[in-house]
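Below, each chain spelled out in residue letters.
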Amino acid sequence: MAGPVENRSVDLTRRPTYLRTDLWMGVRSGGSVGHIAGVLNNLEVFGAPPIFLTPGPVATVVESVEIVVAPPERSFWDFRELRTFGYNGTSWAAAARTLSEAPISFVYHRYSRNNYIGLKFAKVRAVPFVLEYNGSEVWIARNWGRRLKYEALTERIELLNLRGADVVVVVSRPMRDELVARGIDAEKILVNPNGVDPERYSPDVDGSAVRERHGLVGKTVIGFIGTFGRWHGAEVLAEAFGRLLNESPKSRESVRLLMIGDGLTMSETRQVLAKWGVSERAVLTGLVPQEEGPAHLAACDILAAPHVPNPDGTPFFGSPTKLFEYMAMGKGIVASDLDQIGEVLEHDRTGWLVRPGDAGDLAVGLRVLLEDRARRERLGSAAREAAVDRHTWREHTRRILEKLEDRCG
């Protein structure tokens with residue numbers, strides 16, 4: 001299974017098969033949910049409706065998508081790495097049982113650690129194979145988790161998929177550069193930033209109920225949404241908010257921080273807020289369903305994307321889904337000038353850019369938009385226009401299909 005499929009043709013009248021094989025069960029919201037639904041919901045715009053094989057449901061996927069649920073077995077559930085190897089058998093059995101007779105146009109696999117059924121299924125069905133790659137699983141474990149026991153095998157499976165794919169979709173140029181350095185053919189790599197559904201995320205969304213629920217009526221609200229990952233910089237935003245209120249005491253009554261979501265750095269974020277004595281001026285909602293995200297963002301006046309650099313000094317390879325959601329909401333944005341974020345946003349035109357990881361500079365940026373409503377409205381309007389023109393999930397999906405037809409047409 002070392003090379004691309006022999007049959008290079010793409011027939012979009014047949015049904016694309018989307019495989020999600022990660023074992024994050026019960027995930028209700030986040031960038032991955034937005035990305036999965038964004039691609040799935042737009043595939044049928046360009047051809048037949050897709051088939052979606054997944055270990056569990058994903059929020060906001062439209063009803064026209066046929067869903068095949070393949071729940072993982074519990075045999076190796078207590079073993080962090082073994083269960084990912086084991087899911088190959090479970091997901092393959094489900095694919096063979098339910099998809100063996102389906103008219104398939106191509107296989108699209110959102111790659112997850114140690115899984116190879118997308119490549120196997122594409123080979124067996126003699127159809128093209130598209131791999132969505134979101135970063136080295138070995139690097140992610142080393143820098144944002146715990147080092148893997150079977151690193152060499154994990155990397156071998158990853159490279160097997162990358163070499164066997166007809167198209168590899170990545171969300172940023174640093175990710176492409178990393179793959180080229182690992183020997184992957186640059187011609188088959190598509191750099192395709194994340195996107196947004198501009199109808200779901202829109203200035204027309206009503207956030208008044210969220211404001212009333214959290215005591216935010218009459219306040220100027222700084223907002224953040226995310227899963228509180230190491231790269232999100234939620235604790236940097238908490239630091240900036242604390243500095244802001246302590247440097248401008250009059251803001252303590254008029255300004256609030258709304259942090260939507262939960263995750264790894266929540267405890268640290270709470271500690272920073274407490275250190276500055278601003279915990280009572282911040283609302284931490286915890287996780288909210290994906291469907292409720294737009295209303296929460298609509299309750300904000302300013303939206304913050306305080307992402308921080310990678311801990312090992314390598315380029316930031318992300319394409320934050322929240323960035324495009326912020327833009328589509330038409331709100332004033334303060335964001336880190338970090339790789340793709342600084343490429344998507346133009347300083348003082350579609351957002352206000354600050355030095356990554358610098359809480360002081362972030363506080364200054366927040367103050368600029370807090371004190372100048374006309375500026376934040378101007379920035380928000382321009383950001384909305386850019387999101388609709390260039391960063392929708394529909395255009396994201398179109399680029400995938402155009403690349404696939406170019407490679408396999």
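As the structure is a prediction and not an experimental result, all values here were calculated from the model. Sequence order as written defines the numbering, with residues in each chain counted from 1. Under the rules for a predicted model, residues below a pLDDT of 70 receive no local features and side-chain atom pairs below 80 are neither given nor counted, while totals for whole chains, interfaces and linings still include all residues. Note that the side-chain values use all heavy atoms of the structure and ignore hydrogens as well as water.

K.L.:
Could you give me a rundown of a nonpolar patch on the surface, with the residues and numbers involved?
P.N.:
A cluster of nonpolar side chains, Phe76, Phe79, Leu82, Tyr150 and Leu153, forms an exposed patch at the surface whose accessible area comes to about 450 Å². Helix and strand assignments follow DSSP, with helices taken as H or I runs no shorter than four residues and strands as E runs no shorter than two, numbered in order from the N terminus. Of note, Phe79 is situated in the loop between β3 (66-69) and α2 (82-99). The buried label goes to any residue with under 20% of its type's maximum accessible area, the exposed label to any with over 50%, and the partly exposed label to all in between, with areas taken from a 1.4 Å probe on protein chains only. On the basis of relative accessibility, which here comes to 48%, the residue Phe79 falls in the partly exposed class. Residues enter a patch when their relative accessible area is above 30% and they make no salt bridge; the linking distance is 9 Å between like charges and 5 Å between nonpolar side chains (Val, Leu, Ile, Met, Phe, Trp, Tyr). In these tables, accessible area is a Shrake-Rupley quantity obtained with a 1.4 Å probe, and a residue counts as shielded only by the protein chains included in the view. In what follows, salt bridge is the name for a side-chain nitrogen of Lys or Arg lying within 4 Å of a carboxyl oxygen of Asp or Glu.

K.L.:
Can you break down helix α15 (residues 373-390) residue by residue, with the values?
P.N.:
What a helix is expected to span follows from its residue count: subtract one and scale by 1.5 Å. With 18 residues, α15 ought to run about 26 Å at 1.5 Å a step, and its terminal C-alpha atoms sit 26 Å apart, in line with that. Listed in full, the buried residues belonging to α15 are Arg376, Leu379, Gly380, Ala382, Ala383, Ala386 and Ala387. Buried residues belonging to α15 abut β8 (220-226), β11 (302-305), α12 (321-329), β12 (332-336), β13 (352-354) and α14 (359-370). By the convention used here, residues are in contact when the closest approach between their heavy atoms is within 4.5 Å.

K.L.:
Report on the pairing of strand β5 (residues 129-132), specifying residues and quantitative values.
P.N.:
Neither face of β5 is left uncovered, since the one carrying Phe129 and Leu131 and the one carrying Val130 and Glu132 both have all their residues buried. A pair of strands is treated as paired once DSSP finds two or more bridges between them. Inspection of the sheet shows strand β4 (residues 104-110) paired to β5 by four bridges, in the parallel sense. Following the sheet pairing, Tyr108 is matched in β5 by Val130. Here a crossover is taken to be right-handed if, once the strands point away from the viewer, the path from the first strand over the helix to the second is traced clockwise. Regarding the hand of the β-α-β motif, the stretch spanning β4, helix α3 (residues 117-125) and β5 is right-handed.

K.L.:
Mind laying out the nonpolar core, listing which residues take part and the relevant values?
P.N.:
We call a set of buried residues a nonpolar core when its members are Ala, Val, Leu, Ile, Met, Phe, Trp, Tyr or Cys and they connect through side-chain atoms within 4.5 Å of each other. By size, the foremost hydrophobic cluster in this structure holds 66 residues, and its most contacted members are Phe241, Met327 and Leu366. If you look at the next biggest cluster of nonpolar residues, it comprises 38 residues, including Leu53, Ala94, Val171 and Ile184.

K.L.:
Got a sec to walk through the layout of surface pockets? Specific residues and values, please.
P.N.:
Size it by volume and the second largest pocket reaches roughly 390 Å³. Cavities and pockets are found on a 1 Å grid laid over the protein atoms alone: a cavity is a set of points where a 1.4 Å probe fits but cannot escape, a pocket is an open set with protein on both sides within 12 Å along at least five of seven lines, and a lining residue has an atom within 4 Å of such a point. If you go around the second largest pocket, you meet 18 residues; those closest to its centre are Asn42, Val196, Asp197, Pro198 and Trp393. At the level of secondary structure, the elements contributing two or more residues to the lining of the second largest pocket comprise α1 (31-43) and α16 (393-408). Broken down by element, the lining of the second largest pocket gets its largest block of residues, five residues, from α1. Gly is placed with the polar residues, together with every amino acid not listed as nonpolar (Ala, Val, Leu, Ile, Met, Phe, Trp, Tyr, Cys and Pro) or charged (Asp, Glu, Lys and Arg). By residue class, the composition of the lining of the second largest pocket is six nonpolar, seven polar and five charged. Grid points are joined across faces, edges and corners, and a volume is the space filled by probe spheres set on the points.

K.L.:
Quick rundown of α14? Include the residues and the values.
P.N.:
When the terminal C-alpha atoms of α14 are compared, their 16 Å separation across twelve residues agrees well with the 16 Å that a helix rising 1.5 Å per residue should span. Taken as a whole, α14 has its buried residues at Ala359, Asp361, Leu362, Ala363, Gly365, Leu366, Arg367, Val368, Leu369 and Leu370. The N-capping residue of α14, defined by a side-chain oxygen 3.0 Å from the backbone nitrogen of Gly360, is Asp358. Any pair of nitrogen or oxygen atoms within 3.5 Å is treated as a polar contact; in protein, a donor-acceptor pairing is required on top of that, and neighbouring residues in sequence qualify only through side-chain atoms on both sides.

K.L.:
Can you lay out empty space enclosed by the protein for me, pointing to particular residues and giving the numbers?
P.N.:
Where empty space is left can be seen by rolling a probe of water-molecule size over the atoms. Summed over all chains, the structure comprises two cavities of 30 Å³ or more. Along the walls of the largest cavity sit Leu12, Arg14, Pro16, Leu43, Phe46, Gly47, Ala48, Ser105, Phe106 and Leu401, which together make up its complete lining. Of the residues contributing to the lining of the largest cavity, the split by class is seven nonpolar, two polar and one charged. Estimates place the volume of the second largest cavity at around 40 Å³. When contributions to the lining of the second largest cavity are tallied by element, the ones reaching two or more residues are β12 and α14. Per-class residue counts for the lining of the second largest cavity are seven nonpolar, two polar and two charged.

K.L.:
Account for the side chain of Glu158, with residues named and values stated.
P.N.:
Tracing the backbone through its elements, the reader meets Glu158 in helix α5 (residues 151-164). In this structure Glu158 comes out as buried when scored by relative accessible area, which is 1%. From its side chain, Glu158 meets the backbone nitrogen of Glu137 in a polar contact 3.1 Å long. If we skip the residues at most four places from it in the chain, Glu158 touches Tyr111, Tyr133, Gly135, Ser136, Glu137 and Arg182.

K.L.:
Explain the confidence of the model for the protein residue by residue, including any values.
P.N.:
pLDDT runs from 0 to 100 and stands for how confident the predictor is about each residue. Per-residue pLDDT for the protein averages 93, and the proportion of residues at 70 or more is 97%. Long-range and interchain partners of residues 1-7, a stretch whose pLDDT sits below 50, account for 21 contacts in this model, where long-range means more than four residues apart.

K.L.:
So what about the sheet that holds β3? Which residues, and what values?
P.N.:
Strand order across the open sheet formed by seven strands is β3-β2-β1-β4-β5-β6-β7, with parallel pairing between neighbours. Two strands in the sheet have a free side with no partner beyond their single neighbour: β3 and β7 (189-191). On average, adjacent strands in this sheet sit at an angle of 20° to one another, irrespective of strand direction. As defined by bridge partners, strand β1 (residues 15-20) adjoins β4 across five bridges and the pair is classed as parallel. Opposite Arg20, over in β4, you have Arg110 as the bridge partner. Simply put, an axis is a line fit to the C-alpha atoms, just over the touching stretch for a helix, and the angle between two N-to-C directions goes from 0 to 180 degrees.

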